[in-house]
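# Overview (structure and organization)
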Amino acid sequence: MIPVTTLSGKKVALFGLGGSGFATARALKLGGAEVTAWDDNPDSVTKASAEGIHTADLRSLDWSAQSLFVLSPGVPLTHPKPHWTVDLARAAGVDIVGDVELFVRERRAHAPDCPFIAITGTNGKSTTTALIAHILKSSGRDTQLGGNIGTAVLTLDPPKDGRFYVVECSSYQIDLAPTLNPSAGILLNLTPDHLDRHGTMQHYADIKERLVAGSGVAVVGVDDSHCEMIADRIERAGGKVTRISRRHALPYGIYAEGTKLIQASGGATKPIADLEGIQTLRGGHNAQNAAAAVAACLAVGVSDAEIRAGLASFPGLKHRMQPVGRRGNVVFVNDSKATNADAAAPALSSYDRIYWIAGGLPKAGGISSLTGFFPRIAKAYLIGEAAAEFAATLGEAVPYEISGTLERAVAHAAADAEKDESGPLAVMLSPACASFDQYKNFEVRGDAFVSHVAALDGITMLIGSATGDK
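- The name given to the protein in an unreviewed UniProt entry is UDP-N-acetylmuramoylalanine--D-glutamate ligase, with the source organism recorded as Rhizobium grahamii CCGE 502.
- UniProt lists a comment for the protein under the heading Pathway (unreviewed entry), and it reads "Cell wall biogenesis; peptidoglycan biosynthesis."
- Taken verbatim from the UniProt record of the protein, the Catalytic activity (unreviewed entry) comment is "UDP-N-acetyl-alpha-D-muramoyl-L-alanine + D-glutamate + ATP = UDP-N-acetyl-alpha-D-muramoyl-L-alanyl-D-glutamate + ADP + phosphate + H(+)".

## What to know about the overall build of the protein
- Assigned secondary structure in the protein consists of 15 helices and 22 strands.
- Here the C-alpha atoms of the protein give a radius of gyration of 23 Å, agreeing with the 23 Å that 2.2 N^0.38 yields for 470 residues.
- If you line up the protein on its principal axes, its C-alpha atoms span 70 × 55 × 40 Å.
- Going through the 470 residues of the protein one by one, you find that 54% of them count as buried.
- By sequence separation, contacts in the protein at least 24 residues apart represent 64% of the contacts at least 6 residues apart.
- Just so you have it, the protein exposes about 18,500 Å², and 50% of that area is on carbon and sulfur atoms.

## Things to note about the pattern of salt bridges
- Scanning the entire structure with this criterion turns up 18 salt bridges.
- A salt bridge links Glu209 to Arg233, with the shortest nitrogen-to-oxygen separation between them at 2.8 Å. Note that Glu209 is positioned in helix H8 (residues 201-213) and Arg233 in helix H9 (residues 225-236), a separation of 24 residues in sequence.
- By relative accessible area, which is 14% here, Glu209 ends up buried.
- Owing to a relative accessible area of 32%, Arg233 belongs among the partly exposed residues under this scheme.
- The shortest N-O distance in the salt bridge between Arg320 and Asp335 comes to 2.4 Å. Note that Arg320 is positioned in the loop between helix H11 (304-312) and strand S14 (322-327) and Asp335 in the loop between strand S15 (330-334) and helix H12 (341-348), a separation of 15 residues in sequence.
- Residue classification places Arg320 among the buried positions, given a relative accessible area of 19%.
- When salt bridges that share partners are traced, they join Asp232, Glu235 and Arg243 into one network.

## Looking at the sheet that holds strand S20 (residues 425-429)
- Spatially, the seven strands line up as an open sheet ordered S19-S18-S16-S20-S15-S14-S22, and their pairing is mixed. Looking along the sheet, the strands with just one partner apiece sit at the ends: strand S19 (400-404) and strand S22 (460-461).
- Pairing analysis gives five bridges linking S15 to S20, with the strands arranged parallel. Counterpart to Phe332 in the pairing with S20 is Val427.
- Each of S14, S15, strand S16 (354-359), S20 and S22 is contacted by helix H15 (residues 442-454), which is oriented at about 155° to S15, the strand it contacts most.

## Considerations on the sheet that holds strand S5 (residues 116-120)
- The nine strands lie next to each other as S6-S7-S5-S8-S9-S10-S11-S12-S13, forming an open sheet whose pairing is mixed. Looking at the sheet topology across the chains shown, the edges are occupied by strand S6 (142-147) and strand S13 (268-274). Each neighbouring strand pair of the sheet contributes to a mean axis angle of 20°, computed without reference to strand direction.
- Sheet strands touched by H9: strand S8 (184-187), strand S9 (217-221) and strand S10 (241-245). Its angle to S10, the strand with the most contacts, is close to 160°.

## What about the UniProt feature "binding site: ATP" (unreviewed entry) in the protein?
- UniProt records the feature "binding site: ATP" (unreviewed entry) at Gly121, Thr122, Asn123, Gly124, Lys125, Ser126 and Thr127, using the numbering of this structure.
- On the secondary structure map, Gly124 appears in the loop between S5 and helix H5 (125-138).
- Each residue touching Gly124, except ones within four places of it in the same chain, is listed here: Leu188 and Asn289.
- Inspection of the secondary structure puts Thr127 in helix H5.
- Dropping the residues within four chain positions of it, Thr127 is found in contact with Asn286, Asn289, Phe314, Leu317 and Arg320.

## Section: H12
- Burial analysis of H12 places seven of its eight residues in the buried class, which makes it a mostly covered element.
- Within the span of H12, buried status applies to Ala341, Ala343, Ala344, Ala345, Pro346, Ala347 and Leu348.
- Sitting at the amino-terminal end of H12 is Asn340, which places a side-chain oxygen 3.2 Å from the backbone nitrogen of Asp342.

## Quick notes on the nonpolar core
- Ranked by size, the top nonpolar core spans 56 residues in total, and within it Leu28 and Leu102 carry the most contacts.
- With six residues, the top contributor of residues to this core is H8.
- Counting contributing residues, this core receives three or more from each of domain 1 (11-97) and domain 2 (103-313).
- When near neighbours in sequence (up to four residues on either side) are disregarded, Leu28 contacts Val4, Leu7, Val12, Leu14, Ala33, Val35, Val70 and Leu102.

## As for the packing of H5 against helix H10 (residues 284-299)
- Between H5 and H10, the shortest axis-to-axis distance is 9 Å and the interhelical angle comes to 45°. As summarised for this structure, H5 and H10 are arranged oblique, according to the angle between their axes. The way H5 lies across H10 gives a crossing that is right-handed. Of the residues in H10, those touching H5 at Thr127, Thr128, Leu131, Ile132 and Ile135 are Asn286, Asn289, Ala290, Ala292, Ala293, Ala296 and Cys297.
- Looking at the contact of H5 with H10 residue by residue, the class counts come to eight nonpolar, four polar and no charged.

About the thresholds
- Residues numbered from 1 in each chain as written.
- Predicted model: local features only at pLDDT ≥ 70, side-chain atom pairs only at ≥ 80, totals over all residues.
- Heavy atoms only, no water.
- UniProt positions renumbered as here; feature names shortened; annotations may be inferred.
- Helix = DSSP H or I, 4+ residues; strand = E, 2+ residues; numbered from the N terminus.
- Rg over C-alpha atoms; globule rule 2.2 N^0.38 Å.
- Buried < 20%, exposed > 50% of the residue type's maximum accessible area, 1.4 Å probe, protein only.
- Contact = heavy atoms within 4.5 Å.
- Areas by Shrake-Rupley, 256 points an atom, 1.4 Å probe, with all protein chains shown as cover.
- Salt bridge = Lys/Arg side-chain N within 4 Å of Asp/Glu carboxyl O.
- Pairing = 2+ DSSP bridges.
- Axes fitted to C-alpha atoms, helices over the stretch in contact; angles between N-to-C directions.
- Polar contact = N/O pair within 3.5 Å; in protein donor to acceptor, adjacent residues only side chain to side chain.
- Core = buried A, V, L, I, M, F, W, Y, C linked by side-chain atoms within 4.5 Å.
- Domains from an automatic or database assignment.
- Parallel < 35°, antiparallel > 145°, perpendicular 65-115°, else oblique.
- Left-handed = near helix turned anticlockwise from the far one by under 90°.
- Nonpolar A, V, L, I, M, F, W, Y, C, P; charged D, E, K, R; others polar.

Right, here's the structure in full:
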């Protein structure tokens, strides 16, 4: 836990007592702040009160006495309309921040030179964040991993010299962190997302830009026009920029050339890493993730050799294109996090011959956008509510069966793949669906897949346990 000492003795209002909000309330209290917390969920308020956190309805609060208002990132700040607490704070002239801003202030107060890498982008954030943390940890550095990846940032160990922080930041978190200033900031890419919360694509892009604009080194993927313009603006303003690309050679920066990552500087180039044979970093999207990780690690003093060793030993992100087992020439891949067609596309693009397990609770559009990958699919095994709809889309283009359950799909796909002598194969769970028809969430679904794979005869597991832990 990071005590928020910068607000010691100050009155602070807080709204949102979910996972990160509850952790923030505890960190504020531990640091000596006078916290008044609230949530629309009575159970959350009861839990906080039981922990000794002062709770009260913020409608009756004396806002003029508050030094700061801390808002959980899941609560609307601007769109579709500001939350009622936001209106109250603004009317009283009270600044509104989130937990990442509190972390930034603590770092600045206690260890301003400790390396801090922040990562954002529409796609690839979690993999890039996990990869950077793995490279740092495997090189023996004291590494703290948190933020949007699932560990509240204020639950990490307190800032001190020599401690490295790797923090994934959503657009919501950046919007609540006005003085965000990482040593190296990464903006991977930008495509329309969360526009219900940000109103327009331009506003969404402006928020993402703040993370890299305040960075010591801005690492920017320049394969889309929004990010390309952002990189140019930061450079014109005097900022230090490292551009990355998965599609184009660059005169300065790091780019992918097949599986090789090339570092370029004024016409001179050198290979800095090769992703060939690294199962957890297959595909062009992972080349971009790896290029970003390399650029950020170089910016905080990691050597080329340490980076290459970390890339080679990366175990992958749980439930995201995660190789979990092998039998003969068949690798079993847990991509349960692919809860819609767009999310399934990277995995389907990364293997040449796939026994594909898909289905669940369907999203709008189904799998029609994936037809370009159908030639890679040896057979599909359809589960859950989407089975009939997906079967209609596959039609005669792809052999399929309606397996119904994940257990049956794994057994049948494994048996069929074992008979296939055509070369390297993947039995892949990449559902292109939500899990809620059969499972509580995609994590439970992914763990079930791993358990079913582990139960097969002759399997060599590539992860530490049947629950998918690495």
